Amino acid sequence: MLAAVVATVATLGVAVAPAAAALPLSRYYSLESFNYPGHFARHANYLGELSTVSSQLDRNDATWLLVPGLAGAGVSLRSKNYPSYYLRHSGFRLRISRSDGSRLYREDATFYVRRGNAASGSAWLSFESYNYPGRFIRHANYHLWLHPIDRTQLFKADSTWAARPPLA
């Protein structure tokens, strides 16, 4: 089945190989949008959002500790200001929540770092779900979602990020 997913992903023109330059783990990053410069992936009211940052709270909410994936592969993103909370998907909506210790939680909070879907080069990244291959973290209407690959340039742009130095 995985081979079929990889073949489908490849035909859609979305990167399936690991990122050109692996991000060092156990460091803080802020994820800036490819197509909305100055907008960062953050949490607000426990939900994944895309916004500009202006306050210290905004900067904290948009800073993530990149750690080894909770599912035993890939990476997980831990909130800076809620250190026992990780970015995960639930109902394909991105949010932060505290681990309940379940396998599902660990898998929902694990992502593979891929080359950017919209741009080549080591500066651009995309995050593919561990437990839903072919679905990537994407912003839509300023909310973060786990969306399946589609052929549009908009999807590719919405699912591409730059790992910037931490804002907080």
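In this text the structure is predicted, and so the values were computed from the model without any measurement. (Residues numbered from 1 in each chain as written. Predicted model: local features only at pLDDT ≥ 70, side-chain atom pairs only at ≥ 80, totals over all residues. Heavy atoms only, no water.)

1. Examining the pairing of strand β6 (residues 85-90)
Okay, so step 1: Taking burial as the measure, the 6 residues of β6 include 5 buried ones, the bulk of the element.
Okay, so step 2: Here β6 pairs with strand β7 (residues 93-98) via 6 bridges, running antiparallel. Bridge pairing in β7 links Leu 87 to Ile 96.
Okay, so step 3: Between the end of β6 and the start of β7, which pair antiparallel, lie 2 residues, with Gly 91 showing a positive phi angle near 65 degrees. (Buried < 20%, exposed > 50% of the residue type's maximum accessible area, 1.4 Å probe, protein only. Helix = DSSP H or I, 4+ residues; strand = E, 2+ residues; numbered from the N terminus. Pairing = 2+ DSSP bridges.)

2. Re the side chain of Asp 58
Okay, so step 1: Here Asp 58 is to be found in helix α2 (residues 56-61).
Okay, so step 2: Asp 58 gets classed as buried once you look at its relative accessible area, which sits at 13%.
Okay, so step 3: Asp 58 has contacts with Arg 42, Thr 52 and Val 53, leaving out every residue within four places of it along the chain. (Contact = heavy atoms within 4.5 Å.)

3. Some words on the environment of Ser 26
Okay, so step 1: The residue Ser 26 is located in the loop between α1 (2-11) and β1 (27-33) in this model.
Okay, so step 2: C-alpha separation for the pair Ser 26 and Leu 77, spaced 51 residues apart in sequence, amounts to 9.9 Å.
Okay, so step 3: Every residue in contact with Ser 26, bar those within four places of it in the chain, is listed here: Leu 65 and Leu 66.

4. Points about unusual backbone geometry
Okay, so step 1: Even without being a glycine, Tyr 46 presents a positive backbone phi close to 70 degrees.
Okay, so step 2: Tracing the backbone through its elements, the reader meets Tyr 46 in the loop between β2 (40-44) and β3 (47-51).

5. Let's talk about the environment of Pro 165
Okay, so step 1: When you line up the elements, Pro 165 lands in the segment after β12 (161-164).
Okay, so step 2: Under the relative-accessibility criterion, Pro 165 is labelled exposed at 62%.

6. Looking at the pattern of salt bridges
Side chains carrying opposite charge are able to pair once their charged atoms draw close together.
Okay, so step 1: Enumeration over the complete set of coordinates arrives at 9 salt bridges.
Okay, so step 2: The salt bridge involving Arg 93 is made with Glu 49; its shortest N-O contact spans 3.1 Å. Of this pair, Arg 93 sits in strand β7 while Glu 49 sits in strand β3, and the two are 44 residues apart along the sequence. Exposure class is identical for Arg 93 and Glu 49. Each is buried.
Okay, so step 3: The residue Arg 88 makes a salt bridge to Asp 108 at a minimum N-O spacing of 2.6 Å. Taken together, the positions of Arg 88 in strand β6 and Asp 108 in helix α3 (residues 103-108) put the pair 20 residues apart, joining distant regions of the chain. (Salt bridge = Lys/Arg side-chain N within 4 Å of Asp/Glu carboxyl O.)

7. A closer look at the pairing of strand β4 (residues 64-68)
Okay, so step 1: In terms of burial, β4 is a largely internal element, 4 of the 5 residues being buried.
Okay, so step 2: Relative to strand β5 (residues 75-79), β4 runs antiparallel, the two sharing 5 bridges. Residue Pro 68 lies in a different strand from β5, and its bridge partner there is Val 75.
Okay, so step 3: Taken together, β4 and the strand that follows it, β5, pair antiparallel across an intervening segment of 6 residues, in which Gly 72 is found at a positive phi of about 95 degrees.

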